[in-house]
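Okay, here's what each chain looks like letter by letter:
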Amino acid sequence: QVQLVESGGGLVQAGGSLRLSCAASGITFSNYYMGWFRQAPGKEREFVAAISWSGISTDYVDSVKGRFTISRDNAKNTVYLQMNSLKPEDTAVYYCAAKFLTGGRSRYEYNYWGQGTQVTVSS
């Protein structure tokens, strides 16, 4: 059974930082491209960042470039999202997702999803 479990969300003031983690089980983690998406109330789920199976290639939506960093530890079956200089517009439920072998920004391409973790940034 595949499980992706996010953690690390919470309430933070604007300008603060949070580190999200996503622990995977039930898959050969190193075969999967991993992504982070987010969904704010009343909005569609949007791509935030992704990382290749090796960790060499990363991709970010423009609005988070220079503030967020995605990384992974294949030995721990975990992907991370370090979020710095947070803004109120970053408030959303953050989801991690797994996609077999190749990458992409479309949520429809991803095979597995976590339940999400709430991030709230106060102004």
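Residues numbered from 1 in each chain as written. Predicted model: local features only at pLDDT ≥ 70, side-chain atom pairs only at ≥ 80, totals over all residues. Heavy atoms only, no water.

For the rest of this paragraph, the subject is the side chain of Asp 90. Along the chain, the position of Asp 90 falls in the loop between strand 8 (78-83) and strand 9 (92-100). Among the polar contacts made by the side chain of Asp 90, one reaches the main-chain amide nitrogen of Lys 87 at a distance of 2.8 Å. Non-local contacts of Asp 90, meaning those with residues more than four positions away in its chain, are made with Arg 38, Arg 67, Phe 68, Ser 85, Val 119 and Val 121. (Helix = DSSP H or I, 4+ residues; strand = E, 2+ residues; numbered from the N terminus. Polar contact = N/O pair within 3.5 Å; in protein donor to acceptor, adjacent residues only side chain to side chain. Contact = heavy atoms within 4.5 Å.)

Our focus in this paragraph is the nonpolar core. Taken as a class, soluble globular proteins show a tendency for nonpolar side chains to be buried jointly. One finds Met 34, Trp 36, Leu 81, Met 83 and Tyr 94 to be the most contacted residues of the largest nonpolar core, which totals 36 residues. Sorting the residues of this core by element identifies strand 3 (18-25), strand 4 (32-39), strand 5 (46-51), strand 7 (68-73), strand 8, strand 9 and strand 11 (117-122) as the ones contributing at least two each. If we skip the residues at most four places from it in the chain, Leu 81 touches Leu 18, Arg 19, Leu 20, Trp 36, Val 48, Ala 49, Phe 68, Thr 69, Ile 70 and Tyr 94. (Core = buried A, V, L, I, M, F, W, Y, C linked by side-chain atoms within 4.5 Å. Buried < 20%, exposed > 50% of the residue type's maximum accessible area, 1.4 Å probe, protein only.)

Let's shift gears to the pattern of salt bridges. In total, this model carries seven salt bridges according to the counting rule given. Note that Lys 65 and Asp 62 form a salt bridge whose closest N and O atoms lie 3.1 Å from each other. Residue Arg 67 is joined to Asp 90 by a salt bridge in which the shortest nitrogen-to-oxygen separation is 2.7 Å. Here Arg 67 is found in the loop between strand 6 (58-60) and strand 7, whereas its partner Asp 90 is found in the loop between strand 8 and strand 9, with 23 residues between them in sequence. Here Arg 67 matches Asp 90 in class, with each residue buried. Within this structure, Arg 38, Glu 46, Arg 67 and Asp 90 form a network of salt bridges that share partners. (Salt bridge = Lys/Arg side-chain N within 4 Å of Asp/Glu carboxyl O.)

This part is about the sheet that holds strand 1 (residues 3-7). On the basis of which strands lie adjacent, the open sheet formed by four strands has the order 1-3-8-7 and antiparallel pairing. Each edge of the sheet is formed by a strand with only one pairing partner; in this case those strands are strand 1 and strand 7. Ignoring which end each strand starts from, the neighbouring axes of this sheet average 15° apart. Two elements, strand 7 and strand 8, share six bridges in a ladder whose sense is antiparallel. Directly across from Phe 68, in strand 8, lies its bridge partner Met 83. (Pairing = 2+ DSSP bridges. Axes fitted to C-alpha atoms, helices over the stretch in contact; angles between N-to-C directions.)

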